[in-house]
Amino acid sequence: MTSPILHDPVFLSIPSRPATKDDFPIARDLVDTLVAHADHCAGLAANMIGESVCILAVMDGARPLVMMNPEIVKHSAKTYRTEEGCLSLAGVRPVERYASITVRWRDEHFRKQRGTFSGLVAEAIQHEMDHFAGRLI
């Protein structure tokens, strides 16, 4: 189901709780919503669709990738400055991001996964993880 994108900064500032196996329907809605916005969006965090839970979905090439409870376990020393927009907020804001990250997460079936990402996928993961902490970018 495609969900509406929230724009309430008070709600978006609330830190997210860890995801559980029972949160699979939220992950599915997040993917559906991301796919509906894929022409202008690289990723979404669950709080952007009204659920304060640590689930994100990013476009990894042409396919959506779901991460439940992602954790950056390693990152490059190299960083870069860029400007990012967000479907939940107007405008763009300057941020600094790691060029490469290694992430540990649970997939939509709650199986443990690990992967290394760079480029726009790494940037989107970092952006969505900021949402989990209630940081508005």
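Before reading further, recall that the structure is shown in the block above.
Residues numbered from 1 in each chain as written. Predicted model: local features only at pLDDT ≥ 70, side-chain atom pairs only at ≥ 80, totals over all residues. Heavy atoms only, no water.

Colleague: Could you clarify how one ought to interpret the overall build of the chain in this entry?
Modeller: Across its full length, the chain carries three helices and seven strands. Along the chain, from the amino end to the carboxyl end, the secondary structure elements read α-α-β-β-β-β-β-β-β-α. By the compact-globule yardstick of 14 Å for 137 residues, the chain fits well, its C-alpha radius of gyration being 14 Å. Principal-axis analysis of the C-alpha atoms places the extent of the chain at approximately 35 × 35 × 30 Å. The burial tally for the chain puts 47% of its 137 residues in the buried class. Partitioning the contacts of the chain with sequence separation of at least 6, the portion at a separation of at least 24 is 63%. Total accessible area on the chain is roughly 6900 Å²; 55% of this is exposed by carbon and sulfur atoms. (Helix = DSSP H or I, 4+ residues; strand = E, 2+ residues; numbered from the N terminus. Rg over C-alpha atoms; globule rule 2.2 N^0.38 Å. Buried < 20%, exposed > 50% of the residue type's maximum accessible area, 1.4 Å probe, protein only. Contact = heavy atoms within 4.5 Å. Areas by Shrake-Rupley, 256 points an atom, 1.4 Å probe, with all protein chains shown as cover.)

Colleague: So what exactly am I meant to see when it comes to helix α2 (residues 24-36) here?
Modeller: The α-helix winds at 3.6 residues per turn, so residues separated by three or four positions along the chain end up facing the same way. Relative to the 18 Å expected for 13 residues at 1.5 Å per residue, α2 spans 19 Å between its end C-alpha atoms, a close match to the ideal helical length. If you check which residues of α2 are buried, you get Ile26, Ala27, Asp29, Leu30, Val31, Thr33 and Leu34. Those residues of α2 that are buried lie in contact with β1 (43-45), β2 (55-60) and β3 (63-75). (Expected span 1.5 Å × (residues − 1).)

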